[in-house]
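Here is how the chains run, residue by residue.
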Amino acid sequence: MEGGPLLTDWWKTSTKRFVPYLNISARLPEKPDQQMMTQYGLRGFPTFLILDSEGQILFGKEPYWRPDSPENLEAGLAEVETIFRLKKRVTENPEDQLAKAHLTLILGLLNPDQCSVAEMEAACKVEGVPAEVVGRWLRERSRIRFLEAFGPYRNAFSTGAEKEELARLRKTAMERAFTMVRDGESIGEDDADFRAFWVLAFDGAMEAKDRRVATRCLKTYTDAFGVADRFVKGMKERLGELPVQVE
């Protein structure tokens, strides 16, 4: 956005509604926000986020957002202001179940790797929650359900956790992915974690000695990434060693 929106009148006017902050990725030993990319699970540049005073993501991570026009910036700010209004309602009236449910769904959709699937499901059933928000949850819950188990493993891996802790978290992610496939649930092929989902689902099926699910995982993975993919050969060999199940 250099030389563009940052110098326009509409951007200057809009910044009265928030505090602009620029984080430049540079490996400087005394840089205070050196781990910002890792902290928020960011993978590319530029990434634009709206955070609250406690550092919680309120808008911008999912889907990709670029505030390079008045309309795009307004879309983000409008969502954030809705969150603030709901938080105020909940603070002033803790018994307002509609506001609490609406807020739970919005925050869960913004931070899927930190939300509770059970709480999201309960919030979805509260009468009066906007149908658009409920619809977004229904479309996203498979992905969120996977991230609930996969997110902690990915974060632990990226921060160099102990081997035993990594193994424990990976097993949890394997079990979740396997269970989802066994129950006829999966995430979309356009999802950034599609590859990880099917690898973990396959490993989970192998751990459970479920040849039927393992075969489906291998086929789906091979169809998506091709027979030359680095994991396919090993997956085929492992599946070949699994006893054939007798119905």
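Heads up: the structure comes first, above all this text.
Participant: Help me out: how do you make sense of the overall build of the protein chain in this one?
Facilitator: If you tally the helices and strands in the protein chain, you get ten helices and two strands. Ordered by position from the N terminus, the helices and strands of the protein chain form the series α-α-β-β-α-α-α-α-α-α-α-α. Across the 247 residues of the protein chain, 39% fall into the buried class. On the protein chain, roughly 15,100 Å² of surface is accessible, and the fraction owed to carbon and sulfur atoms is 53%.

Participant: Teacher, can you tell me more about the environment of V117 here?
Facilitator: Relative to the helices and strands, V117 is located in helix α5 (residues 117–124). Judged by relative accessible area, V117 falls into the buried class, the value being 15%. Excluding residues within four positions of it along the chain, V117 makes contact with W137, I144, R145 and E148.

Participant: Is there a simple way to explain the nonpolar core in this structure?
Facilitator: One broad rule of soluble globular proteins: the nonpolar side chains tend to lie buried together. Of all hydrophobic cores here, the largest spans 32 residues; its most connected members are F146, F197, W198 and F202. Broken down by secondary-structure element, the contributors of at least two residues to this core are α6 (131–158), α7 (163–182), α8 (194–207), α9 (211–225) and α10 (232–240). Sorting elements by how many residues they give to this core places α8 first, with nine residues. In contact with F146, not counting residues within four places along its chain, are R176, A177, M180, I187, D193, A196, F197 and L200. By size, the runner-up hydrophobic cluster in this structure holds 29 residues, among which are L77, A99, A123 and C124.

Participant: Quick question: what am I supposed to make of the environment of L166 here?
Facilitator: Looking at the element boundaries, L166 is found in helix α7. L166 sits in the buried class, given a relative accessible area of 17%. With twelve residues separating them in the primary sequence, L166 and R154 have C-alpha atoms 8.9 Å apart. Beyond its immediate stretch of four places on either side in the chain, L166 contacts Y153, A156, F157 and A161.

Participant: Explanation requested: the packing of aromatic side chains in the structure shown.
Facilitator: Note on aromatic pairs: each is described by the distance of the centres and the angle between the planes. Counted according to the given criterion, the structure contains nine aromatic pairs. Relative to F231, the ring of Y221 lies with its centre 6.4 Å away and its plane at 65 degrees, an arrangement referred to as edge-to-face. Pair noted here: Y221 is in helix α9 and F231 is in the loop between α9 and α10, with a separation of ten residues, a long-range link. Classification of Y221 by relative accessible area gives buried; the value is 0%. Relative accessible area serves as the criterion here: at 33%, F231 is assigned to the partly exposed category. Linked through ring pairs, F146, F150, Y153, F157, F194, F197, W198, Y221, F225 and F231 together constitute an aromatic cluster.

Calculation rules
- Residues numbered from 1 in each chain as written.
- Predicted model: local features only at pLDDT ≥ 70, side-chain atom pairs only at ≥ 80, totals over all residues.
- Heavy atoms only, no water.
- Helix = DSSP H or I, 4+ residues; strand = E, 2+ residues; numbered from the N terminus.
- Buried < 20%, exposed > 50% of the residue type's maximum accessible area, 1.4 Å probe, protein only.
- Areas by Shrake-Rupley, 256 points an atom, 1.4 Å probe, with all protein chains shown as cover.
- Contact = heavy atoms within 4.5 Å.
- Core = buried A, V, L, I, M, F, W, Y, C linked by side-chain atoms within 4.5 Å.
- Phe/Tyr/Trp six-rings, centres within 6.5 Å; stacked < 30°, edge-to-face > 60°.

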